[in-house]
Amino acid sequence: LTMQGRVYSTDMPIKVASVEHGRAPGRMPPIGPIELWLRRKAGVTDRSAAFLVARAIGRRGTKGARMFEQGYDVAQGRLPQRMAALRVAIARVLA
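What is the right way to read the packing of helix α1 (residues 13–21) against helix α4 (residues 67–94) from this model?
Axes are the key here: two packed helices are described by the angle between their axes and the distance separating the axes. At a minimum axis separation of 7 Å, α1 and α4 run at an interaxial angle of 70°. With respect to α4, the element α1 is oriented roughly perpendicular. Each of V16, V19 and E20 in α1 lies in contact with α4, whose residues at this interface are M67, F68 and E69. Split by residue class, the contact of α1 with α4 holds four nonpolar, no polar and two charged.

Which parts of the structure should I look at to understand the nonpolar core?
The nonpolar side chains of a soluble globular protein tend to be buried, and buried together. Within the largest apolar cluster, six residues are counted, these being I31, I34, L38, A50, A54 and I57. For this core, the secondary-structure elements that each account for two or more residues are α2 (31–42) and α3 (47–60). In contact with A50, other than residues within four places in its own chain, are I31, I34, E35 and L38.

What's the story with the pattern of salt bridges in this structure? I'm lost.
As a working rule, side chains carrying opposite charge can pair if their charged atoms are close by. Considering all chains together, one arrives at two salt bridges under this definition. Across the pair R47 and E35 runs a salt bridge, and its minimum N-O distance is 2.7 Å. Of the two residues, R47 sits in helix α3 while E35 sits in helix α2, which places them 12 residues apart along the sequence. Taking the shortest distance from any N to any O, the salt bridge between R66 and E69 comes out at 3.8 Å.

What am I meant to see in the packing of α2 against α3 here?
In contact at an axis separation of 9 Å, α2 and α3 are set at 120° when each is read in the N-to-C sense. Here α2 is positioned oblique relative to α3, judged by the angle of their axes. As α2 packs across α3, the resulting crossing turns out to be right-handed. Counted together, I31, I34, E35 and L38 of α2 and R47, A49, A50, F51, V53, A54 and I57 of α3 form the full contact between these two elements. Looking at the contact of α2 with α3 residue by residue, the classes come out as nine nonpolar, no polar and two charged.

Which parts of the structure should I look at to understand unusual backbone geometry?
Peptide bonds are, in most cases, trans, and in most cases residues other than glycine have a negative phi. Unusually for a residue other than glycine, R66 sits at a positive phi of about 55°. Of note, R66 is situated in the loop between β2 (62–63) and α4. Owing to a relative accessible area of 33%, R66 belongs among the partly exposed residues under this scheme.

Where do I start with a nonpolar patch on the surface in this structure?
On the surface, L79, M83, L86, I90, V93 and L94 cluster together into a nonpolar patch covering about 600 Å² of accessible area. In this structure, M83 sits in helix α4.

Criteria and thresholds
Residues numbered from 1 in each chain as written. Predicted model: local features only at pLDDT ≥ 70, side-chain atom pairs only at ≥ 80, totals over all residues. Heavy atoms only, no water. Axes fitted to C-alpha atoms, helices over the stretch in contact; angles between N-to-C directions. Helix = DSSP H or I, 4+ residues; strand = E, 2+ residues; numbered from the N terminus. Parallel < 35°, antiparallel > 145°, perpendicular 65-115°, else oblique. Contact = heavy atoms within 4.5 Å. Nonpolar A, V, L, I, M, F, W, Y, C, P; charged D, E, K, R; others polar. Core = buried A, V, L, I, M, F, W, Y, C linked by side-chain atoms within 4.5 Å. Buried < 20%, exposed > 50% of the residue type's maximum accessible area, 1.4 Å probe, protein only. Salt bridge = Lys/Arg side-chain N within 4 Å of Asp/Glu carboxyl O. Left-handed = near helix turned anticlockwise from the far one by under 90°. Patch = residues over 30% accessible without salt bridge, like charges linked within 9 Å, V, L, I, M, F, W, Y side chains within 5 Å. Areas by Shrake-Rupley, 256 points an atom, 1.4 Å probe, with all protein chains shown as cover.

Encoded structure:
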């Protein structure tokens, strides 16, 4: 699948790519971002829990969420309908 265009995120590109496409097993990811994620999402403040999650990701990797790819696919399906509605609205304004 070849897509054109840009994906916009306020997050770091490497993080966005890791979530979108997944991460191959091999090296442990940085513990800091995982520690922050655990604190925000699960209320866990124990640094050793972040280490365990990072170690598991390093060993097993992660599966990609494909959220941007799926969003693109959904938008492509809706685009013809939206363009048709826009043409009608513009025609009304110009009439």
